[in-house]
Amino acid sequence: MGKLSRNVPKRKKAVKSSKKSVRRSPKPTMKGLESSKIVDRSADKQLNLYRGNPYIIPNLNRTYNNPKKAKIARDMLERYTGSHPSKFKKQIILTNFEYYVERFHSLCGSEKTRGSGMTVVHSDSADVTVVNFSIGSPLAALAMELISIVEPKAVLFLGMCGGLHRTLKKGDFIVPTAAIRDEGASIHFMPQQVPALPTFKIQKFVSEIVVERGLDYRTGVIHTMDYRFWEFDEKFKAQLYEERALGIDMETATLFVSGFASKVPIGALLLVSDLPL
């Protein structure tokens, strides 16, 4: 028996690995409008994107990558609105209709201020800020650059437009799918060949809310220009017929392009205020 026991091969003991298997938790995915948030807005990050390509000259004239401009914009935002930038919510409504501001303030407003050029209402309960920037393409571009320094999660333009299609009537809603850049401000943000488009995720949210309220809306292209009395220009009116634009205003294209350039998600809901044709 002694010999047999010596010839029997011994089983090797299973050696437990000292390394513990670490289960990596998946990276949190951004949902909804959070996916549009920029993680790194520094100028160095922008330069690294174009490093090695001599044909691309990065634009460092934006509030998100130019600290000097961002500081000036922050000071201007407080001066123009009467509100400190820290009070602005991440969801912002832009408008040029004072009734919207008054109505919002009566429903859920927490604080209302007036600066040298704009009226603002903040709502703590709704977590929304409403800004009345007045009228026109230049002020729309200014408003967008100023609010970009608070890095909004979403911006919605509640505006008015002239209805150009014969099936429209006063009081109809339009959710723009694009805008024609026939104004003078957007060219300072993007080349002319860049289309003026909204953030479609915001447009989807807006259209769903309109339908939930039992209302209807139209979709189409808005012609944006900075010439107010176009109704007396017969040549321009003939051009509008050829374009088949659904509405005409003075801000939508500017907001879409400046928002795109400033990395701000922007959508729009327009109310047909008149039927000029």
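Whatever comes next refers back to the structure up there.
Just so you know, these numbers come straight off a predicted model, no measurement behind them. (Residues numbered from 1 in each chain as written. Predicted model: local features only at pLDDT ≥ 70, side-chain atom pairs only at ≥ 80, totals over all residues. Heavy atoms only, no water.)

## Details of a nonpolar patch on the surface
Filter applied, for reference: Patch definition: residues with relative accessible area over 30% and no salt bridge; like charges joined within 9 Å; nonpolar side chains (Val, Leu, Ile, Met, Phe, Trp, Tyr) joined within 5 Å. Using a 1.4 Å probe, the Shrake-Rupley method yields the accessible areas, and only the shown protein chains count as cover for residues. Here, a salt bridge means any side-chain nitrogen of Lys or Arg that lies within 4 Å of a carboxyl oxygen of Asp or Glu. Secondary structure elements are defined from DSSP: runs of H or I of at least 4 residues count as helices, runs of E of at least 2 residues count as strands, and each element is numbered from the N terminus.
Residues Y227, F229 and F232 make up a contiguous nonpolar surface patch of roughly 400 Å² in combined accessible area. Residue placement: F232 occurs in the loop between strand 7 (218-225) and helix 7 (234-243).

## Some remarks on the packing of aromatic side chains
What counts, and what does not: Side-chain rings of Phe, Tyr and Trp (the six-membered ring for Trp) are treated as a pair once their centres are within 6.5 Å; stacked means planes under 30 degrees apart, edge-to-face means over 60, and tilted covers the remaining angles. Throughout this description, buried means an accessible area under 20% of the type-specific maximum (1.4 Å probe, protein chains only), exposed means over 50%, and partly exposed covers the range between. Two conditions define a charge sitting above a ring: the NZ of Lys or the CZ of Arg must be within 6 Å of the ring centre, and it must be within 35 degrees of the ring normal.
Per the counting criterion, the structure on display carries five aromatic pairs. With 6.5 Å between their ring centres and 45 degrees between their planes, F229 and F232 make a pair best called tilted. Ring centres of W230 and F236 lie 5.9 Å apart, and the angle between their planes is 70 degrees; on these two criteria the pair is classed as edge-to-face. Across this residue pair, the class does not change: W230 and F236 are buried. Ring pairs connect the aromatic residues F97, Y99 and Y100, which therefore count as one cluster. Against the face of F229 rests R228, its NZ or CZ located 5.9 Å from the ring centre.

## Quick look at the nonpolar core
The condition that has to hold: The nonpolar core is taken to be a set of buried Ala, Val, Leu, Ile, Met, Phe, Trp, Tyr and Cys residues, with the residues joined through side-chain atoms within 4.5 Å.
With 41 residues, the main nonpolar core has I92, L94, M144, V155, F157 and I174 as its most contacted residues. Broken down by secondary-structure element, the contributors of at least two residues to this core are helix 3 (67-81), strand 1 (91-95), helix 5 (137-147), strand 5 (154-163), strand 6 (173-182), helix 8 (252-261) and strand 9 (266-274). Top contributing element to this core by residue count: helix 5, with six residues. With 14 residues, the next largest nonpolar core counts A154, L156, L158 and L269 among its residues.

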